[in-house]
Amino acid sequence: MIFSFIRYFVLMQLFAVSIFLAPGLMATEDGRLLFFNPEISPDGTRVAFSHAGDIWIADIDSGNATRITDHVANDTRPIWFPDGMRIAFSSNRDSSGDIYSVPVTGGGPTRHTWRGGEVPLDISPDGKTILFRSWRRMYAIDLFEVDTKGGLERPVTRDENYNREAAYSNDGMKIAVCRGSMSWLRRGYRGSSATHIYVMNRDGSNPRWIVNDHNGLDYWPVWSPDDSSIYFISDRQLNCENLYRVPSDGGTPERLTNFRNRPVHYPSVARTGRICFEQDFRIWIMDTPQSSPREMRLNIASEPKHSQTIRTDISGFVSEFSLSPDGKLMSIIARGELYISPHPDPSATAPMGDVRFRESIRITDNSSREWQVTWHPDGDRVALVSDRDG
């Protein structure tokens, strides 16, 4: 019989396996921790970021990190208050995503929005207003403001456009905004849905397209400390998203980084001019626009919030099974994965509901599909078919 897949015989020592464990912290397959949404502090000495569903703060020089929020919900997109004493963030702890703030020393959060689906973008230089985006209309994403002390939200934009990432100028008079319907995930996109950088008055009036030489993706505008320049992310060169700088009244962009594989995300700039961004789930620092980026080495000390052993009922997903030669074990294929289970002795008894009496151990754990499992005559290994190589 000829198969379109590779017949893949896997020899497995069945008695050297362990219960399937859940990852304690967000990490790559090689164990490298993943960091998201970095935001440099106003004084340029610390970075707030999201990791394992919580907000953390780390000292740039030492790399020592402290967890600021500690909740089973997903906390993301930290934004510093100008005085460096509080951090705003988005969380789904009470809804599909609202804006909260918390002291940098930790403590109970303050809720600022109540609708859901909101993302904080910036806080005004006087610390009185949170700028955020919300998708409340069918064909538009709008910018809104809400006072940090409470009150009703106020729309900034009400046009038929997708206003995505935005930032206040340091004098508080203008807003730089990325507008366009295309997601930053579409590297190399060229067309009418491309995203562009605009500068508008704080009330949303008089939007001006300041980077108009690229029909692709320009994203994440942030202002320089003196408001003379705007930093942003673009895929215009090197077939990769990199950090650029352009005069705030328009001009020719200057590329500041030279990554060629993973994109640059979430740039931020301190009052000192120090720059921070995410690339390949790492946090990078540039002391000046002319300096080379260096990776920030973080020291994370934390225990997982959830049990490290995952138990799930697979009884409704079994597609095949086979007994071992001695009849003491059973191989099971469920959801495309291989499990090994003790074959119950009909004469044995166990307390009602004792899951250990029928507990299976997961042997394979990958995105491919396994099937047609066959026992070796010795009963210490199995052969199976897998499409993991094609």
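Everything below is about the structure shown above.
Read on for a plain summary of the structure. (Residues numbered from 1 in each chain as written. Predicted model: local features only at pLDDT ≥ 70, side-chain atom pairs only at ≥ 80, totals over all residues. Heavy atoms only, no water.)

Ordered by their spatial adjacency, 4 strands build an open sheet running β17-β18-β19-β20, and the pairing between neighbours is antiparallel. The strands lining the two open edges of the sheet, one partner per strand, are β17 (218-223) and β20 (254-255). Inspection of the sheet shows β17 paired to strand β18 (residues 229-234) by 4 bridges, in the antiparallel sense. Residue pairing for β18: Asp218 is matched across the bridge by Ser234. (Pairing = 2+ DSSP bridges. Helix = DSSP H or I, 4+ residues; strand = E, 2+ residues; numbered from the N terminus.)

This part covers unusual backbone geometry. Glycine aside, residues mostly have negative phi, and peptide bonds are mostly found in the trans state. The backbone phi angle of Asn37 is positive, close to 50 degrees, even though this residue is not glycine. Secondary-structure assignment places Asn37 in strand β1 (residues 36-40). The class for Asn37 is buried, based on a relative accessible area of 8%. (Buried < 20%, exposed > 50% of the residue type's maximum accessible area, 1.4 Å probe, protein only.)

This part takes up the pattern of salt bridges. A full pass over the atoms with the stated rule returns 31 salt bridges. Measuring nitrogen to oxygen at the nearest pair gives 2.6 Å for the salt bridge that ties Glu118 to Arg136. Residue Glu118 is located in strand β9 (residues 118-123), and its partner Arg136 is located in strand β10 (residues 129-137); the two are separated by 18 residues in the primary sequence. Glu295 is the salt-bridge partner of Arg282, the closest N and O atoms lying 3.2 Å from each other. Taken together, the positions of Arg282 in strand β23 (residues 282-286) and Glu295 in strand β24 (residues 294-295) put the pair 13 residues apart, joining distant regions of the chain. If you follow the salt bridges from partner to partner, you end up with Arg262, Asp280, Arg282, Glu295 and Arg297 in one network. (Salt bridge = Lys/Arg side-chain N within 4 Å of Asp/Glu carboxyl O.)

This part covers the packing of aromatic side chains. Inspection of the entire model under this criterion finds 12 aromatic pairs. Their ring planes at 80 degrees and their centres at 6.0 Å tell us that Phe259 and Phe277 sit as a pair that is edge-to-face. With Phe259 in the loop between β20 and β21 (264-269) and Phe277 in strand β22 (residues 275-279), this pair connects stretches of sequence that are 18 residues apart. Here Phe259 matches Phe277 in class, with each residue buried. Here a set of aromatic residues connected by ring pairs shows up, and it is made of Trp184, Tyr219, Trp220 and Tyr266. Over the ring of Tyr100 we find Arg93; its NZ or CZ atom is 5.5 Å from the centre of that ring. Sitting over the ring of Phe317, Arg335 keeps its end group 3.8 Å from the ring centre. (Phe/Tyr/Trp six-rings, centres within 6.5 Å; stacked < 30°, edge-to-face > 60°. Lys NZ or Arg CZ within 6 Å of the ring centre and 35° of its normal.)

The buried fraction of β21 amounts to 6 of the 6 residues, a majority that puts the element mostly inside the structure. Bridge analysis of β21 against β22 gives 4 bridges, and the strand direction is antiparallel. Of the residues in β22, the one forming a bridge with His265 is Glu278. As consecutive antiparallel partners, β21 and β22 are separated by 5 residues, and within that stretch Gly273 has a phi angle of approximately 95 degrees, a positive value.

For the rest of this paragraph, the subject is the sheet that holds strand β8 (residues 110-111). Taken in spatial order, the 4 strands of this open sheet run β5-β6-β7-β8, and their pairing is antiparallel. Strand pairing shows two members of the sheet lacking a second neighbour, β5 (75-80) and β8, which therefore form its edges. Sheet topology note: the β5/strand β6 (residues 86-91) ladder contains 4 bridges and is antiparallel. From the neighbouring strand, Ile79 faces β6, where its bridge partner is Ala88.

Right, let's get into empty space enclosed by the protein. This model, assessed by the stated rule, comprises 1 cavity of 30 Å³ or more. Space inside the largest cavity adds up to approximately 60 Å³. Taken together, Trp184, Leu217, Tyr219, Trp220, Ile233, Ser234, Asp235, Glu241, Pro263, Val264 and His265 make up the full set of residues lining the largest cavity. Sorting the residues of the lining of the largest cavity by element identifies β17, β18 and β21 as the ones contributing at least two each. Broken down by class, the residue content of the lining of the largest cavity amounts to 7 nonpolar, 2 polar and 2 charged. (1 Å grid on protein atoms, 1.4 Å probe; cavity = no way out; pocket = protein on both sides within 12 Å on 5 of 7 lines; lining within 4 Å. Points joined across faces, edges and corners; volume = space filled by probe spheres on them. Nonpolar A, V, L, I, M, F, W, Y, C, P; charged D, E, K, R; others polar.)

You can see Ser134 is positioned in strand β10. For Ser134, a relative accessible area of 1% gives the class buried. Not counting the four nearest positions on each side in its chain, Ser134 is found in contact with Gly116, Gly117, Glu118, Ile141, Asp142 and Phe144. (Contact = heavy atoms within 4.5 Å.)

Residue Phe277 is classed as buried on the basis of its relative accessible area of 0%. Distance from Phe277 to Pro267, taken between C-alpha atoms, is 4.3 Å for residues 10 residues apart in sequence.

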